[in-house]
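The lines below spell out each chain.
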Amino acid sequence: EALTRLNDAQTINATDVQLKRILGKAHFLFANSLRDDGQISEAIANYQDALRNDTKRLDAANHLSLLLATTSNEALRSPAEALALAGRLCKITQNKNPEFLDTLSIAYAANKNFESAVASAQQALQIWEKSNNPAAAATRSRLNLYIDKQ
């Protein structure tokens, strides 16, 4: 209901930057709920809507990239698009965001480029480990798979 009203408000005032940011956040949060509920197609559409409304929603681009790289639904899976999104995220953040580097490694692996997946995962690990972030364990597990070309 609230998302419908926000979309209606945007139609009325399509140039309102603050409204676009609010709408972007609403679509992002809704997409997260849909993803968690297993509604992948709808989640992808809402992440895309979030980005259309707020191009600075890097978290939406990251989640979208992950879904496009990892979904088991072949009709929705798009490793090349996932790689392009993740690559842009890493460029924007100058390869300093370990979450985005980890996503990049997943996208590389989805494209069967395991050498680059290893390099990106190693970069992410270096950053995670400096801050003792528990996310390092999952990245390390994936790194081992990439080394084995899986």
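Further up the page is the structure itself.
Counting restarts for each chain, with residues numbered from 1 along the sequence as it is written. Residue-level local features of this predicted model are given only where pLDDT is at least 70; pairs of side-chain atoms are given and counted only at 80 or more, and the full residue set underlies all totals for whole chains, interfaces and linings. Excluding hydrogens and water, the side-chain figures rest on all heavy atoms present in the structure.

## Let's talk about the nonpolar core
Part 1: What is meant by a nonpolar core is a set of buried Ala, Val, Leu, Ile, Met, Phe, Trp, Tyr and Cys residues, joined one to another through side-chain atoms within 4.5 Å. Only protein chains enter the area calculation, which uses a 1.4 Å probe; residues under 20% of their type maximum are buried, those over 50% are exposed, and those in between are partly exposed. Counting 37 residues, the largest nonpolar core has Ile44, Tyr47, Ala60, Leu64, Leu67, Leu68 and Tyr146 as the members making the most contacts within it.
Part 2: Counting from the N terminus, the helices are the DSSP runs of H or I reaching at least four residues and the strands are the DSSP runs of E reaching at least two. Counting only elements with at least two residues in this core, the list comes to α2 (17-36), α3 (40-53), α4 (58-70), α5 (79-92), α6 (98-110), α7 (114-130) and α8 (136-147).
Part 3: We call two residues in contact when some of their heavy atoms are within 4.5 Å. Excluding anything up to four places from it in sequence, Tyr47 contacts Phe28, Ala31, Asn32, Arg35, Ala60, His63, Leu64 and Leu67.

## Section: unusual backbone geometry
Part 1: Phi at Asn95 is positive, roughly 55°, even though this residue is not glycine.
Part 2: Note that Asn95 resides in the loop between α5 and α6.
Part 3: Classification of Asn95 by relative accessible area gives partly exposed; the value is 36%.
Part 4: In this structure, Asn132 is a non-glycine residue whose phi angle is positive, near 50°.

## A closer look at α5
Part 1: Expected helix span is taken as 1.5 Å per residue step, with the number of steps being one fewer than the number of residues. The end-to-end C-alpha separation of α5 is 20 Å, in line with the 20 Å expected for 14 residues at 1.5 Å each.
Part 2: Those residues of α5 lying buried are Pro79, Ala82, Leu85, Ala86, Leu89 and Cys90. Projected onto a plane normal to the axis of α5, the buried residues spread over an arc of 135° and lie on a single side. Across α5 from its buried face, at more than 90 degrees, point the exposed residues Ala80, Lys91 and Ile92.
Part 3: Looking at the packing, one finds that the buried side of α5 touches α4 and α6.
Part 4: Trailing α5 by a residue or two, Gln94 shows a phi angle of about 55°, which is positive. The arc refers to the directions leading from the helix axis to the C-beta atoms.

## Let's talk about the packing of aromatic side chains
Part 1: Ring geometry is summarised as follows: Phe, Tyr and Trp rings, the Trp one being its six-membered ring, pair when their centres sit within 6.5 Å, and such pairs are stacked at plane angles under 30 degrees, edge-to-face over 60 and tilted between the two. In the structure shown here, the tally under the stated rule is 1 aromatic pair.
Part 2: Arranged with centres 6.0 Å apart and planes meeting at 50°, the rings of Phe28 and Tyr47 form a pair that is tilted. Here Phe28 is found in helix α2, whereas its partner Tyr47 is found in helix α3, with 19 residues between them in sequence.
Part 3: A relative accessible area of 8% places Phe28 in the buried class.
Part 4: For Tyr47, a relative accessible area of 0% gives the class buried.

## Things to note about the side chain of His63
Part 1: Note on placement: His63 falls in helix α4.
Part 2: For His63, a relative accessible area of 18% gives the class buried.
Part 3: Filtering out sequence-adjacent residues up to four positions away, His63 remains in contact with Phe28, Asn32, Arg35 and Tyr47.

## Remarks on the environment of Ala31
Part 1: Structurally, the position occupied by Ala31 is in helix α2.
Part 2: For the pair formed by Ala31 and Ala50, sequence separation is 19 residues and the distance between their alpha carbons is 8.6 Å.
Part 3: Once you skip the residues sitting within four places of it in the chain, Ala31 turns out to touch Ala43, Asn46 and Tyr47.

## Quick look at the packing of α7 against α8
Part 1: Fitted lines through C-alpha atoms give the axes, limited to the stretch in contact for helices. The angle between two N-to-C directions lies from 0 to 180 degrees. One can describe the packing of α7 onto α8 by two numbers: an axis separation of 9 Å at closest approach and a directional angle of 160°. Relative to α8, the element α7 is oriented roughly antiparallel. Between α7 and α8 the crossing geometry is left-handed. Contacts from Phe114, Ala117, Val118, Ala121, Gln122, Ala124, Leu125, Trp128 and Glu129 in α7 reach Ala136, Thr139, Arg140, Leu143, Tyr146 and Ile147 in α8. Each angle receives one of four descriptions, namely roughly parallel if under 35 degrees, roughly antiparallel if over 145, roughly perpendicular if within 65 to 115, and oblique otherwise. Note on convention: the crossing is left-handed when the near helix lies turned anticlockwise from the far helix by less than a right angle, right-handed when the turn is clockwise.

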